[in-house]
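Here is how the chains run, residue by residue.
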Amino acid sequence: VTLLTDFGTRDGYVGAMKGVIASIAPGIPVVDISHDIEPQSIRRAGLLWAQATPYFPRGSIHVAVVDPGVGSRRKILAFSARGSVYLAPDNGLAGYALQRRAIRRVVEVRCRELFLEPLSDTFHGRDIFAPVAAHLAAGMPLEKLGPAARTYRLEAIPRARRRRRGSTVELRGEVIDVDRFGNATTNLEPQPGRFLEATVASSVRLSQLARSYAAASPGSPVLVVGSMGYLEVAVNLESAADLLGLRVGDPIRATWRVE
Amino acid sequence: VTLLTDFGTRDGYVGAMKGVIASIAPGIPVVDISHDIEPQSIRRAGLLWAQATPYFPRGSIHVAVVDPGVGSRRKILAFSARGSVYLAPDNGLAGYALQRRAIRRVVEVRCRELFLEPLSDTFHGRDIFAPVAAHLAAGMPLEKLGPAARTYRLEAIPRARRRRRGSTVELRGEVIDVDRFGNATTNLEPQPGRFLEATVASSVRLSQLARSYAAASPGSPVLVVGSMGYLEVAVNLESAADLLGLRVGDPIRATWRVE
Amino acid sequence: VTLLTDFGTRDGYVGAMKGVIASIAPGIPVVDISHDIEPQSIRRAGLLWAQATPYFPRGSIHVAVVDPGVGSRRKILAFSARGSVYLAPDNGLAGYALQRRAIRRVVEVRCRELFLEPLSDTFHGRDIFAPVAAHLAAGMPLEKLGPAARTYRLEAIPRARRRRRGSTVELRGEVIDVDRFGNATTNLEPQPGRFLEATVASSVRLSQLARSYAAASPGSPVLVVGSMGYLEVAVNLESAADLLGLRVGDPIRATWRVE
């Protein structure tokens, strides 16, 4: 079972969830992906799921509780994909990690008999997500959770636009994330051919596509291929985001020369 | 074994404790409740224990090290309650999670032969709490820790006052916690009858008792029943504490109409 | 397997590493030492390794990824010491926990066939450290990682200077760390004889060597013997670093009277 929430680590919420899981499925390992994303940030939770879940073994139960709609009529969904189960509120979150064609089945969680009693309207992480995940980890089949979901939301990383003009390829996209180091991940994928230059946030020009952070001279911004395969704006040993004032949503444009 | 400390996660203290436990009781799962509470905050540690420990299975060893008196003559206590053991300094902390009538036995930890050598006067988490918890988890009986404790301190969540006047019930209490989302938990429990209104911090009026955070219109403060069963002051998608300037200890008064 | 990185807990990096380990060595416990040290701080990572790794059982695989040189030609090393393996970039980090005479073997990690494919140049934690650690934990012998390393860097805690003058012993050293509580650890070890006084940061005088934090009157700075055996500047219930303006590198001088 992996956990991804916006509960933070200064309250008792994550502890309570782990207690519920340990009570129902003793001995099942629980791994934290993160609890420190910004409160209510569905987009960041989705990105973290995309970053981390592909590396876990088949048979994992991935639980994401970033859930502004807790206690409302929003559905809770269980996605079967890549041999694992992904449990999340129906708010689009799962789409960042799961493309539609990878999803084999989607079930709406309605197995009231598995929920904790009394069922709160403010903490479904403890009262619904944790017991359901524990029962799945202990071997319960997906069908027992409820009926097939007919409709559901899937948000995704926005796609960059690609345009070819003569021997030049131009990509236009945006900054989709800023990490702890201040590296700004974009939605541009590296292209074959010779990199020419990039402009980020309308004014910052980057003329180097470096192999690694360390390959850039300290203080000068470069592009590198980040760990998700996207281009990142980085400054060796410093925070590119702070130095260049970059934020999620800032536009980026990059060009390559092809044969 | 569960761990709750004020050691933070930027130093090596928690790692050292986990190393000691793994050395004595290999394979025993260790679960973090929190290490990020304010330094020396016995009250918050107690609240987190109250929030999380009831959800763990019987047979758990719960360890809390928020211990301004480390190295002094303060006692270390092991409480037997609800089929589990609660290990904490004798500073009142355990009382938030354990009411006097739930406690079956209290033992003073004096088993010097189990402590790490050399025994430091600054890090009993590593040198006393961790090895004692590991030995308990490995099956050592409670009696081996030391003699029965004759006196001990138990702090508790302050009780709200309840007053009935004709067909109106009034509760007076206070804010007892502010969580990561800025929700302000009070010590008021919901009453039967029709909710009339509440006043918090002398000036903020709340006229709605909502079923969930999402049931409130964004930006307007409401009361909801939080996950511990107490009334919380909340603002949908925002921090009630920031918006209304709420702090622990602020008074709250609420009224209900009964038949 | 223990993990120590500067990846923080707000991104998906640590989760990805744990997924890789769980995929290769299912059931192997993974313990976090810390992920919250300052980005690129090799010195702090080394100190935390020195603080925590000695308490883990023999046979542990300790992994430290604080790696400004990721993607460059810097080597990755596996040290065999104290019955455990220490995996770290060749940037000196391991020297804080491992003195040269404790090291039995050092191997350069070159087992390309164990690395993740495609191998990124920006996230060797996931693509090299995690799979190598998992294979070691699953029983792979150290020799399989690569050839013996002929040269490698080992940084260490700077040594204090000791001078005897008649019946007085004087130690000169520096502040080497400030912890979450604001206690300032120095590189001075307590001396036999009667403590006379100390001066830290050129101006702050300390006349008391207390047994514990609690033994000092609140608000007045004292020296205590910290949990690593070094003298710490502390203020009971407050942050000595904040109160006295102490920082890593500040000089300290202390004197004892001997017979």
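Residues numbered from 1 in each chain as written. Chains lettered and ligands numbered in written order. Predicted model: local features only at pLDDT ≥ 70, side-chain atom pairs only at ≥ 80, totals over all residues. Heavy atoms only, no water.

### Let's talk about the relation of the copies chain C and chain A
How we decide: The fit set for superposing copies consists of C-alpha atoms from residues with pLDDT of at least 70 in both; the fit itself is least squares. The contact criterion used is simple: two residues touch if any of their non-hydrogen atoms lie within 4.5 Å.
When chain C is fitted onto chain A, the two copies agree to an RMSD of 0.0 Å after a turn of 120 degrees and an axial shift of 0.0 Å. In the structure described here, the two chain copies are related by an operation that fits a three-fold rotation axis. Residues of chain C ranked by C-alpha distance from the rotation axis are headed by P29 of chain C, positioned 4.8 Å from it. When the interface residues of chain C are mapped onto chain A, a mere 10% of them are again interface residues, pointing to distinct binding faces.

### A few points about unusual backbone geometry
This is how it is decided: Numbering goes from the N terminus for both helices and strands, where a helix is a DSSP run of H or I of at least four residues and a strand is a run of E of at least two.
The peptide bond linking E117 of chain A to P118 of chain A adopts the cis configuration, its omega dihedral lying at -5 degrees. The residue P118 of chain A is located in the loop between β6 (103–108) and α3 (124–137) in this model. The phi dihedral of S202 of chain B falls on the positive side, at around 70 degrees, and the residue is not glycine. When you line up the elements, S202 of chain B lands in the loop between β10 (194–200) and β11 (204–206).

### Things to note about the sheet that holds strand β1 (residues 2–5) of chain B
Residues and elements named next belong to chain B. For the record, the criterion: The rule for pairing is simple: two strands pair if DSSP sees at least two bridges between them. Axis lines are fitted through C-alpha atoms, for helices just across the contact stretch, and the angle between N-to-C directions can take any value from 0 to 180 degrees.
Overall, mixed pairing links the six strands, which are arranged β2-β1-β3-β5-β4-β6 in an open sheet. Sheet topology places β2 (31–34) and β6 (103–108) at the edges, where each strand pairs with a single neighbour. Mean inter-strand twist for the sheet, computed between neighbouring axes without regard to direction, equals 20 degrees. Pairing geometry for β1 and β2, over three bridges, is parallel. What sits directly across from T2, in β2, is V31. Relative to the sheet, helix α1 (residues 13–24) contacts β1, β2 and β3 (61–65), its axis offset from that of β1 by approximately 155 degrees. Its contacts with the sheet place helix α2 (residues 42–52) against β1, β2, β3 and β5 (84–89), and it is angled at close to 130 degrees to β2.

### Topic: the sheet that holds strand β4 (residues 76–81) of chain A
All names here are of chain A. Strands sit in the order β2-β1-β3-β5-β4-β6 across an open sheet of six strands; the sheet is mixed. With one partner strand each, in any of the chains shown, β2 (31–34) and β6 form the two edges of the open sheet. Each adjacent strand pair in this sheet contributes to an overall mean axis angle of 20 degrees, direction not counted. Each of β1 (2–5), β2, β3 (61–65) and β5 (84–89) is contacted by helix α2 (residues 42–52), which is oriented at about 130 degrees to β2, the strand it contacts most.

### Some details on the side chain of T122 of chain B
As a reminder of what qualifies: What qualifies as a polar contact is a pair of N or O atoms within 3.5 Å, subject to a donor-acceptor requirement within protein and to the restriction that residues adjacent in sequence count only when both atoms come from side chains.
In this structure, T122 of chain B sits in the loop between β6 and α3 (124–137). For T122 of chain B, the side chain forms a polar contact with the main-chain oxygen of V225 of chain C, separated by 3.2 Å. Look past the residues within four positions of T122 of chain B in its chain and what remains in contact with it is V70 of chain B together with Y213, V224, V225, G226 and S227 of chain C.

### Points about the layout of surface pockets
Summary: where empty space remains is shown by rolling a probe the size of a single water molecule over the atoms. Cut-off, in case you're wondering: In this analysis the probe radius is 1.4 Å and the grid spacing 1 Å, with only protein atoms considered; a cavity is a set of points the probe fits into but cannot get out of, a pocket is an open set with protein on both sides within 12 Å along at least five of seven lines, and lining residues have an atom within 4 Å of a point. Grid points are joined across faces, edges and corners, and a volume is the space filled by probe spheres set on the points.
Its boundaries defined by the atoms lining it, the second largest pocket holds a volume of some 980 Å³. The wall of the second largest pocket is formed by 41 residues, among which I157, E189, M228, G229 and Y230 of chain B lie closest to the centre. Secondary-structure elements contributing two or more residues to the lining of the second largest pocket are α3 of chain A together with α2 and β7 (161–165) of chain B.

### Quick word on the packing of aromatic side chains
Convention followed: The rule is short: rings of Phe, Tyr and Trp, with Trp giving its six-membered ring, pair when the centres are within 6.5 Å, and they are stacked under 30 degrees, edge-to-face over 60, tilted in between.
Tallied over the entire structure, the rule returns 21 aromatic pairs over all chains. With 5.6 Å between their ring centres and 85 degrees between their planes, F79 of chain B and Y152 of chain B make a pair best called edge-to-face. Linking F79 of chain B in strand β4 (residues 76–81) with Y152 of chain B in the loop between α3 and β7, this pair joins segments that are 73 residues apart in sequence. One aromatic cluster is present, built from ring pairs that chain together F7, Y13 and F123 of chain A together with F181 of chain B.

### Some points on the pattern of salt bridges
Residues and elements named next belong to chain B. The condition that has to hold: Any carboxyl oxygen of Asp or Glu that lies within 4 Å of a side-chain nitrogen of Lys or Arg is treated as forming a salt bridge with it.
Tallied over the full model, the rule gives 51 salt bridges over all chains. In this structure, the salt-bridge partner of D32 is K18, at a minimum N-O distance of 2.9 Å. A residue pair is termed long-range when its members are at least 10 positions apart, and D32 in strand β2 and K18 in helix α1 qualify at 14 residues.

### Let's talk about the pairing of strand β15 (residues 251–257) of chain C
Residues and elements named next belong to chain C. Sheet topology note: the strand β8 (residues 168–178)/β15 ladder contains seven bridges and is antiparallel. Following the sheet pairing, G173 is matched in β15 by I252. The sheet contact formed by strand β10 (residues 194–200) and β15 spans six bridges and is antiparallel. Opposite A198, over in β15, you have A254 as the bridge partner.

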